[in-house]
Amino acid sequence: MKYTDEVRRDRRPTAQQDEVRRDRRPAAQQDEVRRDRRPPVPPEEMPENLIVGRNPIREAIRAGRPLEKLLVAKGDLSGAAKDIVRMARDAGIVVQEVERARMDSVYPSHQGLLAYTSAAAYSTVEEMLKAAEDAGEPPFLVALDGVTDPHNLGAVIRSAALFGAHGVIIPQRRAAGLSPACEKAAAGALAYAKVARVVNMTRTLEELKEKGVWLAAADAGGEAFSSAKLDGAICLVIGAEGEGISRLVRETCDFVVSIPTTGVIDSLNASVAAGILMCAVHEGRAKS
């Protein structure tokens, strides 16, 4: 009797038959099989602020644990994953859709969701203003318009604690947050400085103006900071690395101050500029 290839395959061990069937699956399904076969990431190699698994992420949201962001794989999600995404959005957590390949590089068995915890809990602008009131001082705040480097953010937070600012305000999206890298750069200052993350920076600044806080934008072409009136209730507004302050934010500010330079380099690092201006505000408030 002459056997066909199909008959011979049927007589192979079950493991070999499965391998043949997998080879006939569409490429996307074969990729999924390969992902499932990847060994789990050892605990010591996982990012220290990463939460993996739908149940742990769901419980973290329910418990009110501060989450920096929730990564969601692009494509269709199951009902359970959709519920978690809805919970995250309702809790004000940043939800970001990314390619599955990017999530695979972080943790292969991600089930379509990965969450990053914050290094510390966020405060609110209202709590900052209350802290100033309790101290019997006019508010001194720093607003960062799109600073994306966590090391810069950490350095600004450290300077804010050093020079007596009542808090640092950052936007919710397209900006660095309270990550472990930020915490390390702050070198312990997160225990003393308040950080608020707001949905709309322009609206927040307008509300501060209504409360009598002067807005000083740090940008080229403004008045030299040494001759500007940097005291009283004030909020320094520092722009993003390279791009500076956005048009709407700059138009919202009351005046612009600059740091004179030799002109060899056209701009300062955001955290360095913030530190210089915070020192100037600290001195101006001490004299008034």
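How each quantity is defined
- Residues numbered from 1 in each chain as written.
- Predicted model: local features only at pLDDT ≥ 70, side-chain atom pairs only at ≥ 80, totals over all residues.
- Heavy atoms only, no water.
- Helix = DSSP H or I, 4+ residues; strand = E, 2+ residues; numbered from the N terminus.
- Buried < 20%, exposed > 50% of the residue type's maximum accessible area, 1.4 Å probe, protein only.
- Contact = heavy atoms within 4.5 Å.
- Areas by Shrake-Rupley, 256 points an atom, 1.4 Å probe, with all protein chains shown as cover.
- Expected span 1.5 Å × (residues − 1).
- Arc of directions from axis to C-beta.
- Pairing = 2+ DSSP bridges.
- Axes fitted to C-alpha atoms, helices over the stretch in contact; angles between N-to-C directions.
- Core = buried A, V, L, I, M, F, W, Y, C linked by side-chain atoms within 4.5 Å.
- 1 Å grid on protein atoms, 1.4 Å probe; cavity = no way out; pocket = protein on both sides within 12 Å on 5 of 7 lines; lining within 4 Å.
- Points joined across faces, edges and corners; volume = space filled by probe spheres on them.
- Nonpolar A, V, L, I, M, F, W, Y, C, P; charged D, E, K, R; others polar.
- Lys, Arg positive; Asp, Glu negative; His and termini not counted.
- Salt bridge = Lys/Arg side-chain N within 4 Å of Asp/Glu carboxyl O.
- Parallel < 35°, antiparallel > 145°, perpendicular 65-115°, else oblique.

Undergrad: Even after reading the chapter, I still don't get the overall build of the protein, so can you show me in this structure?
TA: Assigned secondary structure in the protein consists of 12 helices and 10 strands. Sorting the 288 residues of the protein into buried and exposed places 44% on the buried side. Looking at the protein alone, contacts between residues at least 24 apart form 78% of all its contacts between residues at least 6 apart. Summed over its atoms, the accessible surface of the protein is roughly 15,900 Å², and 49% of this surface lies on carbon and sulfur atoms.

Undergrad: It is not clear to me how helix H5 (residues 79-90) should be interpreted in this structure. Could you clarify?
TA: The end-to-end C-alpha distance of H5, which contains 12 residues, comes to 16 Å, matching closely the 16 Å that a straight helix rising 1.5 Å per residue would cover. Within H5 the residues assigned to the buried category are Ala81, Ile84, Val85, Met87 and Ala88. Across the axial projection of H5, the buried residues extend over an arc of 160°, all falling on one side. For H5, the exposed residues set more than 90 degrees away from the buried face come down to Lys82, Arg89 and Asp90.

Undergrad: How should the environment of Lys287 be read in this particular structure?
TA: Mapped onto the elements, Lys287 comes out in helix H12 (residues 270-287). It is 8.6 Å that separates the C-alpha atoms of Lys287 and Asp231, two residues lying 56 residues apart in sequence.

Undergrad: Explain the sheet that holds strand S5 (residues 140-145) to me, please; I cannot follow it from the model alone.
TA: Hydrogen bonding along the main chain pairs the strands of a sheet, whether they run parallel or antiparallel. One open sheet holds the 6 strands; their spatial order is S7-S6-S5-S9-S8-S10, and the pairing between them is parallel. Of all strands in the sheet, those with a lone pairing partner are strand S7 (195-198) and strand S10 (255-258), marking the two edges. Neighbour-to-neighbour, the strand axes of this sheet turn through a mean angle of 35°, independent of strand direction. The pairing of strand S8 (residues 214-224) with S10 spans 5 bridges and is parallel.

Undergrad: Quick question: what am I supposed to make of the nonpolar core here?
TA: Most often, soluble globular proteins keep nonpolar side chains buried together rather than apart. With 37 residues, the main nonpolar core has Val142, Leu144, Ile157 and Met278 as its most contacted residues. If you list the elements that add at least two residues to this core, you get S5, helix H8 (150-162), strand S6 (167-171), helix H9 (180-186), S8, strand S9 (234-239) and H12. The element that contributes the greatest number of residues to this core is H12, accounting for 7 residues. Val142 has contacts with Val156, Ala165, Gly167, Val168, Ile169, Cys235, Leu236, Ile238 and Met278, leaving out every residue within four places of it along the chain. Ranked by size, the runner-up nonpolar core spans 21 residues in total, among them Leu215, Ala233, Cys253 and Val256.

Undergrad: Can you walk me through the layout of surface pockets in this structure?
TA: Regions of empty space are outlined by a rolling probe, equal in size to a water molecule, passed over the atoms. The space that makes up the largest pocket amounts to roughly 500 Å³. Residue assignment for the lining of the largest pocket shows that the elements contributing at least two residues are S8, S9, S10 and H12. In terms of residues, the lining of the largest pocket owes the most to one element, S8, which gives 3 residues. A breakdown of the residues in the lining of the largest pocket according to their chemical character gives 9 nonpolar, 8 polar and 4 charged.

Undergrad: So what exactly am I meant to see when it comes to the sheet that holds strand S3 (residues 95-98) here?
TA: Within the open sheet, the 4 strands sit side by side as S1-S4-S2-S3. Their pairing is mixed. Of all strands in the sheet, those bounded by a partner on one side alone are strand S1 (50-52) and S3. Each adjacent strand pair in this sheet contributes to an overall mean axis angle of 25°, direction not counted. Helix-sheet contacts for H5 involve strand S2 (67-73), S3 and strand S4 (113-117), and the interaxial angle to S2 is about 150°.

Undergrad: Can you help me understand the side chain of Arg285 in this one?
TA: Assignment of secondary structure puts Arg285 in helix H12. For Arg285, which is buried and forms no salt bridge, the nearest opposite charge comes from Glu137, at a distance of 4.2 Å.

Undergrad: What's the story with the packing of H8 against H12 in this structure? I'm lost.
TA: Between H8 and H12, the least distance of the axes is 8 Å, while the angle of their chain directions is 10°. If you check the angle between H8 and H12, you find them roughly parallel. Note on element contacts: H12 touches H8 through Ala270, Ser271, Ala274, Gly275 and Met278, opposite Asn152, Ala155, Val156, Ser159 and Ala160. Split into classes, the residues belonging to the contact of H8 with H12 amount to 6 nonpolar, 4 polar and no charged.

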